[in-house]
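One letter stands for each residue in the lines below.
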Amino acid sequence: MSIRFTAKARRGMVALTIAAGLAVGVAGCSGGGDDKKPETSASASRTGGSDPSTQEGESDEPMAELKGTSGLLLQITSATRDAGGFVTVNGNLKNDGSKRITVPPAVRGDETEILRHGMSLGGATLVDAASKKRYYVLRDTDGRPLTTTGFSSLQPGESLAVFAQFPAPPTSTTDVTFQLPTFASATIQISG
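For clarity, every value in this text was computed on a predicted model and none was experimentally measured.

Asker: It is not clear to me how the environment of Tyr135 should be interpreted in this structure. Could you clarify?
Answerer: Within the secondary structure, Tyr135 is located in strand 6 (residues 133-136). Between the C-alpha atom of Tyr135 and that of Thr125, which follows or precedes it by 10 residues, the distance is 5.5 Å. When sequence neighbours within four positions are dropped, the list of residues in contact with Tyr135 reads Ala124, Thr125, Leu126, Asp128, Phe166, Pro167, Ala168, Pro169 and Pro170.

Asker: Can you help me understand the pairing of strand 5 (residues 125-128) in this one?
Answerer: Each regular strand carries side chains that alternate between the two faces of the sheet. Burial of strand 5 is two-sided: the residues Thr125 and Val127 facing one way and the residues Leu126 and Asp128 facing the other way are all buried. Where strand 5 and strand 6 come together, four bridges link them in antiparallel fashion. The partner of Leu126 across the bridge, within strand 6, is Tyr135. Once strand 5 ends, the chain turns through four residues before running back antiparallel as strand 6, passing Lys132 with a positive phi of about 55 degrees. Note: strand 5 against strand 9 (residues 175-179), three bridges, orientation antiparallel. If you follow Thr125 over to strand 9, its bridge partner there is Gln179.

Cut-offs and rules
- Residues numbered from 1 in each chain as written.
- Predicted model: local features only at pLDDT ≥ 70, side-chain atom pairs only at ≥ 80, totals over all residues.
- Heavy atoms only, no water.
- Helix = DSSP H or I, 4+ residues; strand = E, 2+ residues; numbered from the N terminus.
- Contact = heavy atoms within 4.5 Å.
- Buried < 20%, exposed > 50% of the residue type's maximum accessible area, 1.4 Å probe, protein only.
- Pairing = 2+ DSSP bridges.

Have a look at this one:
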């Protein structure tokens, strides 16, 4: 047998195998004429779904409100400890004023690594007063902060969902102080 004949035979067998697999897949997906729809899905409840305006794990009431310059308001809605060893803080950055506001560059902090990646909340910190430790925003392997990025200004009444991830304090620590340059500080409670 020649190499050319063997290669053609192999290609033919691969094509035949793929065609047979597709035919079995189509036959399996056809459903056999039973058009009943399931009454409920595993993720939906009978009393109604979740509120689409809030993120999962967040309540409608903010756990803290931090006032910034020129009418900026940061509403922290959740601080959740994850199994991976970090804390995710979620919230909304809102223009509570009557004019367009440029978010101050100071909120990104002053670390060279963070500055090179543009606008972010990279200057945020969590302070654990009991352990006398400060936790800075985590970074990925390229030095980008694990926080909301790429924003610059907010129109009057406009709100932007934001997040920041930090290393998790010890599990015994539940209350920490959230700090962001140009904003007031606030004590928040970590859940999870």
